[in-house]
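The lines below spell out each chain.
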Amino acid sequence: AFVDALAAWTETPPELGSMAALATLAACVQGKHCIESKPGHTEPLALWTLCALPPGSRKSAVFGACTFPLIRWERDARERMQPDIAAIESEAKTHADRVAQMRRTAAKTDDDEARRELTRQIAEAEAAIPKAPKPPRLFTADCTPERLALLMAENHGAIAILADEAGFLETFAGRYSNGVANIDVLLQGHSGTPVRVDRTGRDSVFFDAAALSVGIAPQNSVLHDMAHHDSFRGRGLLARFLFAVPRPTLGKRTHTT
């Protein structure tokens, strides 16, 4: 009923609302359960949808209606957590100032035994510095492979990409890496496998079960480019999408809904 009403209100193909709504629902349930179709064969509740339409197809209005509950939930969670986050951050600053003072004292002392004792106390004090939790995120629209892995790690391994375009695919295809594709995290998020990312100069990112749902509505030309990308096709990325290429409603709208 929601999809039918959304299609009538926006005068868009029902396939667009269907794909966006399914991906939004997947963002809510992924990581919560798995489906066992037969003994030993399980699938996560992650879902990838793609609805290709030309510019001017009111994709933003449809995605905005589908993701509005997620945006409201994220906002409510931020507001609910903000007092606790502020208190913990204030406490962490006090601990950090105490550690800095102890370190200055240790640097000035000439007594080796006293310095060792201060060093031990500094290590204990640093370990006791509290870390403020981050407000939960349900979805993003565009990010790099490194940022996507970090977002998933910060949100118990689960995140979604919901967007009325597909700019993130150009990034994963190698926009900023001389054309070298980096799609490992995408593939792992679809299959629910563990993620382990260790790169020189960056903190390690690891979690035991990735959960990534995707809902995008790129232009038809982007779909054509995806089909001719060797890594996307050869490594099975395209096979993970549920595709829809409906007839556009451009030129047929009444604007009286």
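Scroll up a little and you will see the structure.
Chemist: Is there a simple way to think about the layout of surface pockets in this case?
Modeler: Regions of empty space are outlined by a rolling probe, equal in size to a water molecule, passed over the atoms. Roughly 560 Å³ of internal volume is contained in the largest pocket. Lining the largest pocket we find 24 residues, and of these Gln30, Lys32, Asn155, His156 and Ala158 sit closest to its centre. Every element with two or more residues in the lining of the largest pocket is listed here: α2 (14-29), α3 (59-108) and β5 (158-163). When the residues that make up the lining of the largest pocket are grouped by side-chain class, the tally is 13 nonpolar, eight polar and three charged. The volume enclosed by the second largest pocket comes to roughly 300 Å³. Taken together, 16 residues line the second largest pocket, and the ones lying closest to its centre are Glu146, Ala149, Val197, Asp203 and Val205. Contributing elements (two or more residues each) for the lining of the second largest pocket: α5 (145-154), α7 (184-191) and β6 (195-197). Ranked by residues supplied to the lining of the second largest pocket, first place goes to α5 with five residues. Residue composition of the lining of the second largest pocket, grouped by class: six nonpolar, three polar and seven charged.

Chemist: Mind showing me how you'd approach the side chain of Thr67 here?
Modeler: Within the secondary structure, Thr67 sits in helix α3. In this structure the side chain of Thr67 is engaged in a polar contact, spanning 2.8 Å, whose partner is the backbone oxygen of Phe63. Once you skip the residues sitting within four places of it in the chain, Thr67 turns out to touch Thr24, Phe139 and Leu162.

Chemist: What is the right way to read the pairing of strand β2 (residues 41-44) from this model?
Modeler: It is a general feature of regular strands that their side chains alternate between the two faces of the sheet. Of the pairings in the sheet, the one linking strand β1 (residues 34-38) to β2 comprises four bridges and is antiparallel in character. Across the sheet, residue Ile35 finds its bridge partner in β2, namely Glu43. Here β1 hands over to β2 after two residues, with Gly40 in that stretch at a positive phi of 90 degrees.

Chemist: For this particular structure, what's the right way to read the packing of α3 against helix α4 (residues 112-127)?
Modeler: Angle between the axes and distance between the axes are the two parameters that describe a pair of packed helices. Their axes nearest at 10 Å, the elements α3 and α4 cross at an angle of 165 degrees. Overall, the two elements α3 and α4 adopt an arrangement that is roughly antiparallel. For the pair α3 and α4, the sense of crossing is left-handed. Of the residues in α4, those in contact with His95, Arg98, Val99, Met102, Arg103, Thr105 and Ala106 of α3 are Arg115, Leu118, Gln121, Ile122, Ala125 and Glu126. Among the residues forming the contact of α3 with α4, the class breakdown is six nonpolar, three polar and four charged.

Chemist: Just to check I follow, could you spell out the pattern of salt bridges for this structure?
Modeler: Pairs may arise between side chains of opposite charge once their charged atoms sit close together. All told, the structure shown has eight salt bridges when counted by the stated rule. For the salt bridge of Arg120 with Glu117, the shortest nitrogen-to-oxygen distance reads 2.4 Å. Taken together, the positions of Arg120 and Glu117, both in helix α4 and three residues apart, correspond to about one turn of that helix. Between Asp208 and Arg196 there is a salt bridge, with its nearest N and O atoms 3.0 Å apart.

Rules used throughout
Residues numbered from 1 in each chain as written. Predicted model: local features only at pLDDT ≥ 70, side-chain atom pairs only at ≥ 80, totals over all residues. Heavy atoms only, no water. 1 Å grid on protein atoms, 1.4 Å probe; cavity = no way out; pocket = protein on both sides within 12 Å on 5 of 7 lines; lining within 4 Å. Points joined across faces, edges and corners; volume = space filled by probe spheres on them. Helix = DSSP H or I, 4+ residues; strand = E, 2+ residues; numbered from the N terminus. Nonpolar A, V, L, I, M, F, W, Y, C, P; charged D, E, K, R; others polar. Polar contact = N/O pair within 3.5 Å; in protein donor to acceptor, adjacent residues only side chain to side chain. Contact = heavy atoms within 4.5 Å. Pairing = 2+ DSSP bridges. Axes fitted to C-alpha atoms, helices over the stretch in contact; angles between N-to-C directions. Parallel < 35°, antiparallel > 145°, perpendicular 65-115°, else oblique. Left-handed = near helix turned anticlockwise from the far one by under 90°. Salt bridge = Lys/Arg side-chain N within 4 Å of Asp/Glu carboxyl O.

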